[in-house]
Amino acid sequence: MLPSRHFIDLTQPEIAQQLKKNPLVVLPAGSVEQHGPHLPTGTDIYASQVIGHAVAERMDGLLLPATPFGVTPMHMPFEGTITLTPETYIRVITETAASTAKHGAKYLLIINWHEGNIPSLAIASEALHRELQALRASGIAGAHRRRGKRRNIKPTNKNAAELERWVETRHEKLNEG
């Protein structure tokens, strides 16, 4: 049994053994952006990590470190936002996937919590299908909407809405234990 699902917590032999057992890696994707005066700028990353960890546990996969930034030029007028160009973001995703494929990953599941990433993730996934036949990439875009419906929380396109506050609370509880 693995001591952790977090890729960065494991040793090289533990990762090699797990990828032989089940070649699935889960990549959380979010952004660093303003979420109003009441939530941290890492809310999207925290959300994708919480959901990604649950998925990795249920599917016996490894949770990769979350992509540190996303494509979020629409929030640049607000302090706290850091954005990448779509081209840079696509390279981060494809090079991360290529690295894991080289070491035995055959399935990449991207858990995305930031809508601004969706077009770039679609292009990255298509490129991975074309260029890395050894790796199958899929993603869950808008995971926040699906999760909200299951929790009876009204989904909304607004940042810092009820569901993101719920996820931030969940993230804090996971870090306490």
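The preceding data block contains the structure.
Our subject in this report is the structure included herewith. (Residues numbered from 1 in each chain as written. Predicted model: local features only at pLDDT ≥ 70, side-chain atom pairs only at ≥ 80, totals over all residues. Heavy atoms only, no water.)

Some thoughts on helix 1 (residues 12-21)
Okay, step 1: By the burial criterion, the buried members of helix 1 are Ile15, Gln18 and Leu19. An end-on view of helix 1 places all buried positions within 100° of arc, on one side of the element. Exposed residues pointing more than 90 degrees away from the buried face of helix 1 are listed as Pro13, Gln17, Lys20 and Lys21. (Buried < 20%, exposed > 50% of the residue type's maximum accessible area, 1.4 Å probe, protein only. Helix = DSSP H or I, 4+ residues; strand = E, 2+ residues; numbered from the N terminus. Arc of directions from axis to C-beta.)

Some points on the pattern of salt bridges
Okay, step 1: Counting across every chain of the model gives 5 salt bridges.
Okay, step 2: Between Asp60 and Arg5 there is a salt bridge whose closest N-O contact spans 2.9 Å. Of this pair, Asp60 sits in the loop between helix 2 (43-59) and strand 2 (62-63) while Arg5 sits in the segment before helix 1, and the two are 55 residues apart along the sequence.
Okay, step 3: A salt bridge links Glu131 to Arg130, with the nearest nitrogen and oxygen atoms 3.4 Å apart.
Okay, step 4: Owing to a relative accessible area of 53%, Glu131 belongs among the exposed residues under this scheme.
Okay, step 5: Beyond isolated ion pairs, a larger network of salt bridges with shared partners links Arg5, Lys21 and Asp60. (Salt bridge = Lys/Arg side-chain N within 4 Å of Asp/Glu carboxyl O.)

Side note on the packing of helix 3 (residues 86-102) against helix 4 (residues 118-131)
Okay, step 1: Running from N to C, helix 3 and helix 4 cross one another at 40°; their axes reach a closest spacing of 9 Å. Considering the angle they form, helix 3 stands oblique to helix 4. Between helix 3 and helix 4 lies a crossing whose hand is right-handed. Across from Pro86, Tyr89, Ile90, Ile93, Thr94 and Ala97 in helix 3, the residues of helix 4 making contact are Ser120, Leu121, Ile123, Ala124, Ala127 and Leu128.
Okay, step 2: Residues that form the contact of helix 3 with helix 4 fall into these classes: 10 nonpolar, 2 polar and no charged. (Axes fitted to C-alpha atoms, helices over the stretch in contact; angles between N-to-C directions. Parallel < 35°, antiparallel > 145°, perpendicular 65-115°, else oblique. Left-handed = near helix turned anticlockwise from the far one by under 90°. Contact = heavy atoms within 4.5 Å. Nonpolar A, V, L, I, M, F, W, Y, C, P; charged D, E, K, R; others polar.)

Details of the nonpolar core
Okay, step 1: One finds Val25, Leu62, Ile93, Leu108 and Ile110 to be the most contacted residues of the largest nonpolar core, which totals 23 residues.
Okay, step 2: Those elements giving two or more residues to this core turn out to be helix 1, strand 1 (24-29), helix 3, strand 3 (107-112) and helix 4.
Okay, step 3: Not counting residues within four places of it along the chain, the set of residues in contact with Leu108 comprises Val25, Leu27, Leu64, Ala97, Leu128, Leu135, Arg136, Ala137 and Ser138.
Okay, step 4: Within the second largest apolar cluster, 10 residues are counted, among which are Leu24, Val26, Val55 and Ile111. (Core = buried A, V, L, I, M, F, W, Y, C linked by side-chain atoms within 4.5 Å.)

A closer look at the environment of Ala47
Okay, step 1: Position of Ala47 among the secondary structure elements: in helix 2.
Okay, step 2: Residue classification places Ala47 among the buried positions, given a relative accessible area of 0%.
Okay, step 3: Separated by 18 residues in the primary sequence, Ala47 and Ala29 place their C-alpha atoms 9.0 Å from one another.

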